Amino acid sequence: MTTYVALVRGINVGTSTLVPMPDFQRVLEERGFTRVKTLLRSGNAVFDTEATLSHGDVADLEARFAEATGVTAPFVVIEGSEFVRIVDENPLAELSDNPSRLMVSFLPGPAPAGVTTPDAAALLPEVVRVGGRAVYAWCPHGVSASKIPAAFWRQFGQGATVRNANTAAKLVSLVLPRLEE
């Protein structure tokens, strides 16, 4: 069995994208995934499968989700040990004094080559770093007050989805016991 983390982008952030987590869980279970566990209301799940998931499998999951819930949303699905590695290699973890303001933008694949980063001095006290499969952002005044330009985020496409370090750590705590089995 392989453990995966599924992150759905943009659900339950407004009235038009409300999805009860039992519906999300049911979609995953009907797809044949086992030991499905959702976390919070923001589209986070950990599950197991015997299959190695492809981009086509993720697209199928998105279509099933839209059909079952009426909400079209992109998914980022990451194998469990890779998810743990992405969270653990956060280069801004030592800088942060509030994990709810330390953001991890999980990418659906590797970060594109040639990403242009914003001027570091202009962002202060915010800091942004691009990793292999995530973008890390320290937003000490909160995401809504962020100075990171929208043009920077557009380089990563519509599929990226953001979780704060608290949520990422909670997902890691669901994944690690499964990896040790």
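Analysis parameters
Residues numbered from 1 in each chain as written. Predicted model: local features only at pLDDT ≥ 70, side-chain atom pairs only at ≥ 80, totals over all residues. Heavy atoms only, no water. Helix = DSSP H or I, 4+ residues; strand = E, 2+ residues; numbered from the N terminus. Rg over C-alpha atoms; globule rule 2.2 N^0.38 Å. Buried < 20%, exposed > 50% of the residue type's maximum accessible area, 1.4 Å probe, protein only. Contact = heavy atoms within 4.5 Å. Areas by Shrake-Rupley, 256 points an atom, 1.4 Å probe, with all protein chains shown as cover. Pairing = 2+ DSSP bridges. Axes fitted to C-alpha atoms, helices over the stretch in contact; angles between N-to-C directions. Arc of directions from axis to C-beta.

This brings us to the overall build of the protein. A count of helical and extended segments in the protein gives six helices and eight strands. Reading the helices (α) and strands (β) of the protein from amino to carboxyl end gives β-α-β-β-α-β-α-β-α-β-β-α-β-α. Relative to the compact-globule value of 16 Å for 181 residues, the protein shows a C-alpha radius of gyration of 16 Å, a close match. In the protein, buried positions account for 44% of the 181 residues. When contacts within the protein are restricted to residue pairs at least 6 apart in sequence, long-range pairs at least 24 apart make up 69% of them. Roughly 9000 Å² of accessible area belongs to the protein as shown, and the carbon and sulfur atoms make up 53% of that amount.

Taken in spatial order, the four strands line up as β2-β3-β1-β4 in an open sheet, and their pairing is antiparallel. Of all the strands in the sheet, just β2 (34–39) and β4 (75–79) have a single pairing partner and so form its edges. Neighbouring strand axes in the sheet, compared pairwise and without regard to direction, differ in orientation by 20 degrees on average. With five bridges connecting them, strand β1 (residues 2–8) and β4 associate as antiparallel partners. Residue pairing for β4: Leu7 is matched across the bridge by Val76. Along the sheet face, helix α1 (residues 21–30) touches β1, β2, β3 (44–49) and β4 and points at about 155 degrees away from the line of β2. Lying over the sheet, helix α2 (residues 55–69) contacts β1 and β4, oriented at roughly 135 degrees with respect to β4.

A word on α1. If you check which residues of α1 are buried, you get Met21, Phe24, Val27 and Leu28. The buried residues of α1 occupy one face: seen down the axis, they fall within an arc of 115 degrees. The exposed residues of α1 that point more than 90 degrees off its buried face are Pro22 and Glu30. Looking at the packing, one finds that the buried side of α1 touches β1, β2, β3, α2 and β4. Phi turns positive one or two residues past the end of α1, at Gly32, with a value near 100 degrees.

It is worth spelling out unusual backbone geometry at this point. The linkage connecting Leu124 with the following residue, Pro125, adopts the cis geometry, with an omega of 10 degrees. Within the secondary structure, Pro125 is located in the loop between α4 (120–123) and β6 (127–130). Positive phi is not limited to glycine here, since Arg35 has a value of about 50 degrees. You can see Arg35 is positioned in strand β2.

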